[in-house]
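Each chain, written out:
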Amino acid sequence: MSDFKNIQQRESGLKQELGARQMSMIALGGAIGTGLFLGSKFAIGFAGPSVIISYAIGGLIALLLMGALAEMTVAHATSGSFGAYAEYYVSPLIGFLVRYLYWSCIVLAVGTEVTAIGEYMQFWFADIPQWIWIVLFSAVLIGVNMFNVKAFGTMEYWFSTIKVFAIVAFIIMAAYVVFGSGNPDYGFHNYTSGGGFMPNGFSGMWFAVIVSIFSYLSIEMIAIAAGEAENPAVAVKKAFRVTIVRLFVFYIATLGLIVAIAPMDKILSGGSPFVTVMQVINIPGADSVLNFVVIIAALSAMNSQLYVSSRMMFSLSRAGDAPKILGKVRANGSPVNALLLSTSGIAVATVVYVLFPEQAFTLMISLSMFGAMATWLLIFVTHWFFRKRMKAEGTKLSFTIPGFPVGTILGGGLMVAIMLTTLWVESFKMTLVFGVPFVLAAIAIFYLTRSRRARSQALNADQVEDEITGTVVKRVP
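### Overview of the overall build of the chain
In step 1: On a plain count of helices and strands, the chain comes out with 20 helices and 0 strands.
In step 2: Looking at the chain residue by residue over its 477 residues, the buried ones come to 57%.
In step 3: Pairs at least 24 residues apart make up 83% of the contacts formed inside the chain by residues separated by at least 6 positions.
In step 4: For the chain, the exposed surface amounts to about 19000 Å²; the carbon and sulfur share of it is 66%.

Laid out in C-alpha cells, this is it:
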C-alpha cells in the first residue's frame, strides 16, 4: 500500500476542507436530482407500480457499490478515487478507462440536469426558450465551482438540505393522503388498477432498473470528495451509513406513495411525478412549491457533477493521460482548467435541446448511461482485485463490509445484465452504440500516448547520457 502514496502525492494540491456533514450531503446532492424528480416518470412508464421493485434492485446495487468504495477509500483517499484504485490494483489501462468513462458520463449527466431545468422552468415561463435558462443557470454554477472547495461544499450542503426537507415533507403529506384522508381514490388498490402491478410484465420492471441506475448515479462521488475531506476515514464511514439509509427511504417511500396517489395516465402525461401528485391532490400553490424544489434538486446535482467531473479530469492530467494544463490548480485549490473543459456537456445539451427538444432528456440519459454502468462494473472488478491484494499481503483493513466475494460478484453480474438489456430498450439503444466505439477509441488513445511517452523517455535518457559522457550515443534497436 505504500506504493499508492506515489499516486496520492501526484494528485496533491487540492484543499482538504470538506467536513463529514458536507460529505454526506454531497453524495445525496448528486443522487437526489433529476433521476428521482423527472427520470422516475420514465421508469414508471416502463414498470408501472412495480417501479418500486425496480428501484429496490437499483438500490441493492448502489448499496454493494458504496460498500466496495468505502473499503477502498478508507484504506487510502485520493481525488482520483476509483480511477486511481483501478490503475494501482488492476492495470494502468483499466485506470485510464475508468477515469475517462466516468468523466464522460458525468459531463453528459450535467447536460441532462440542465436540460431538465429548462423543462421545469416551462411550468412558469412557457413562452421563454429553454436554452436561455440552460445558459443562465450554467453560468452561475460554473462561477461557484471556480471558488474554493469550501464554497462548493457550503452551497451543496444547503441545496441538499432543501431537498431533504422537501422530500420528508412530501412523504409525510402523501402518507397522510394515502392512510389518513379516507379518500377512496388514494391507496394501494391503485397498484393493481389501470393495467396491474406490472402492466408491461417482468421485462418492463427490469427495463426500469436502467433508469434507477441513472437515478442513483453520483453516490460514488463521495469517494472522490474524500480526497478533499478534513478527515477522510471518519467522513467516508459516516457518509456511507447515512447516505444509504436516506436513499432507500427517499426513493422507495416516495415512489410507493406516488403510484398510490396519481393515476398512471396523469403521471405519464405530466412533467415531474412530484408536481403531478400535487396537482392531483389539488393543494393550492403546492405544485409551484414542488416545481421550485425539483429545480433546486437539479441545480444541486449539476453543482455536484461539475465538481466531480473536474476532479476526475484533474486526476487524468496528473497521471499524464490528459494535457498538463488541466492538472493546474489556482491558489484557492480549484482546478479551473479541468472545470472549464468539464462544462462541455452543457454545450452538447444545448445543441441537443435546440435540435431535438422533445427527445432531449431521454437522449442525454441514453448517452451518459454507458459511462455510468461501465464505471460501476469496473469499480466492482477493482474491488475484487483490491481484496485479493490485501489478502495476499496480509493487510488487515480498518473498515470492511461483510459478504465478500458474494456482494462484489452479484453487483458486477447485475451491471453486466443491465448493460446488455439496453439493446432491447428503444430509449437506450444509443447507449451501446455510443459506448462501445468510445471504449475502443479510448484504448487506442491509451496505447498511442503510452508509446509516445516511452519514445520521449528514451530520447531524454539518451540526452542525459550525452551530457555526462560528452559523446553522441546511438542505441541499437
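Next comes the rest of the description.
### Digging into the pattern of salt bridges
In step 1: Under the definition given, this model contains 4 salt bridges.
In step 2: Here Glu87 ties to Arg99 by a salt bridge, and the two come within 2.9 Å at their closest N and O atoms. In this pair, Glu87 sits in helix α6 (residues 81-89) while Arg99 sits in helix α7 (residues 92-121), placing the two residues 12 residues apart along the sequence. By the burial criterion, Glu87 is buried, and Arg99 matches it.

### Let's talk about the environment of Phe314
In step 1: Among the structural elements, Phe314 can be located in helix α15 (residues 286-318).
In step 2: The class of Phe314 is buried, set by a relative accessible area of 0%.
In step 3: C-alpha of Phe314 to C-alpha of Leu339: the two residues are 25 residues apart in sequence and 8.6 Å apart in space.

### A short note on unusual backbone geometry
In step 1: Here Phe404 and Pro405 are connected by a cis peptide whose omega angle stands at 10°.
In step 2: As for its position among the elements, Pro405 is in the loop between α18 (360-393) and α19 (406-421).

### Brief notes about helix α5 (residues 51-75)
In step 1: Taking 1.5 Å of rise per residue, 25 residues should cover 36 Å, and α5 covers 36 Å from first to last C-alpha, within 8% of that figure.
In step 2: Of all 25 residues that make up α5, 18 are buried, and the element is covered over most of its length.

### Brief notes about the packing of α6 against α7
In step 1: In contact at an axis separation of 6 Å, α6 and α7 are set at 160° when each is read in the N-to-C sense. If you check the angle between α6 and α7, you find them roughly antiparallel. The handedness of the crossing between α6 and α7 is right-handed. For the pair α6 and α7, the contacting residues are Phe82, Gly83, Ala84, Ala86 and Glu87 in the first and Pro92, Ile94, Gly95, Val98, Arg99 and Tyr102 in the second.
In step 2: Its residues assigned to classes, the contact of α6 with α7 shows 7 nonpolar, 2 polar and 2 charged.

### Some points on the environment of Glu71
In step 1: Among the secondary structure elements, Glu71 is positioned in helix α5.
In step 2: Under the relative-accessibility criterion, Glu71 is labelled buried at 2%.
In step 3: Every residue in contact with Glu71, bar those within four places of it in the chain, is listed here: His383, Phe386, Arg387, Leu397, Phe399, Thr400 and Ile401.
In step 4: Engagement of the side chain of Glu71 in a polar contact is seen with the backbone nitrogen of Ile401, the distance being 2.6 Å.

### With respect to helix α8 (residues 130-145)
In step 1: Between the first and last C-alpha of α8 there are 23 Å, a value that for 16 residues agrees with the 22 Å anticipated at 1.5 Å per step.
In step 2: Within α8 the residues assigned to the buried category are Gln130, Trp133, Ile134, Phe137, Ser138, Leu141, Ile142, Val144 and Asn145. Taken end-on, α8 shows its buried residues confined to a sector of 150°, consistent with a single buried face.

### So, the packing of aromatic side chains
We describe a pair of aromatic rings using the distance from one ring centre to the other and the angle between the two ring planes.
In step 1: As enumerated under the stated definition, the model contains 19 aromatic pairs in all.
In step 2: Measuring from centroid to centroid gives 5.3 Å for Phe125 and Trp133, while their planes differ by 35°, and the two rings are tilted.
In step 3: When the centroid spacing of 5.1 Å and the interplanar angle of 80° are considered together, the rings of Phe446 and Tyr447 count as edge-to-face.
In step 4: Taking relative accessible area as the criterion, Phe446 reaches 6% and is therefore assigned buried.
In step 5: Here the aromatic residues Phe96, Tyr100, Phe446 and Tyr447 are joined through ring pairs into a cluster of three or more.
In step 6: Here Lys41 stacks its cationic end above the ring of Phe42, 5.2 Å away from the centre of that ring.
In step 7: Lying over the aromatic face of Phe404, Arg387 brings its terminal NZ or CZ to 4.6 Å of the ring centre.

### Let's talk about the side chain of Ser54
In step 1: Assignment of secondary structure puts Ser54 in helix α5.
In step 2: In this structure Ser54 comes out as buried when scored by relative accessible area, which is 0%.

### Some points on the packing of helix α4 (residues 39-47) against α5
In step 1: Contact pair α4 / α5: the axes reach a minimum separation of 9 Å and the direction vectors enclose 120°. Comparing the axis directions of α4 and α5 gives the class oblique. Residue-level inspection shows Gly39, Ser40, Ala43, Ile44 and Ala47 of α4 in contact with α5, the latter providing Val51, Ser54 and Tyr55.
In step 2: A breakdown of the residues in the contact of α4 with α5 according to their chemical character gives 5 nonpolar, 3 polar and no charged.

### What to know about the confidence of the model for the chain
In step 1: Averaged over every residue, the pLDDT of the chain is 80; residues scoring 70 or more account for 83%.
In step 2: Between the elements of the chain, mean pLDDT differs from a low of 62, seen in helix α2 (residues 20-31), to a high of 95, seen in α19.
In step 3: Low pLDDT, under 50, characterises residues 465-469; the stretch is placed with 6 contacts to residues that sit more than four places away or in other chains.

Each value, and the rule that gives it
- Residues numbered from 1 in each chain as written.
- Predicted model: local features only at pLDDT ≥ 70, side-chain atom pairs only at ≥ 80, totals over all residues.
- Heavy atoms only, no water.
- Helix = DSSP H or I, 4+ residues; strand = E, 2+ residues; numbered from the N terminus.
- Buried < 20%, exposed > 50% of the residue type's maximum accessible area, 1.4 Å probe, protein only.
- Contact = heavy atoms within 4.5 Å.
- Areas by Shrake-Rupley, 256 points an atom, 1.4 Å probe, with all protein chains shown as cover.
- Salt bridge = Lys/Arg side-chain N within 4 Å of Asp/Glu carboxyl O.
- Expected span 1.5 Å × (residues − 1).
- Axes fitted to C-alpha atoms, helices over the stretch in contact; angles between N-to-C directions.
- Parallel < 35°, antiparallel > 145°, perpendicular 65-115°, else oblique.
- Left-handed = near helix turned anticlockwise from the far one by under 90°.
- Nonpolar A, V, L, I, M, F, W, Y, C, P; charged D, E, K, R; others polar.
- Polar contact = N/O pair within 3.5 Å; in protein donor to acceptor, adjacent residues only side chain to side chain.
- Arc of directions from axis to C-beta.
- Phe/Tyr/Trp six-rings, centres within 6.5 Å; stacked < 30°, edge-to-face > 60°.
- Lys NZ or Arg CZ within 6 Å of the ring centre and 35° of its normal.
- pLDDT = per-residue confidence, 0-100.

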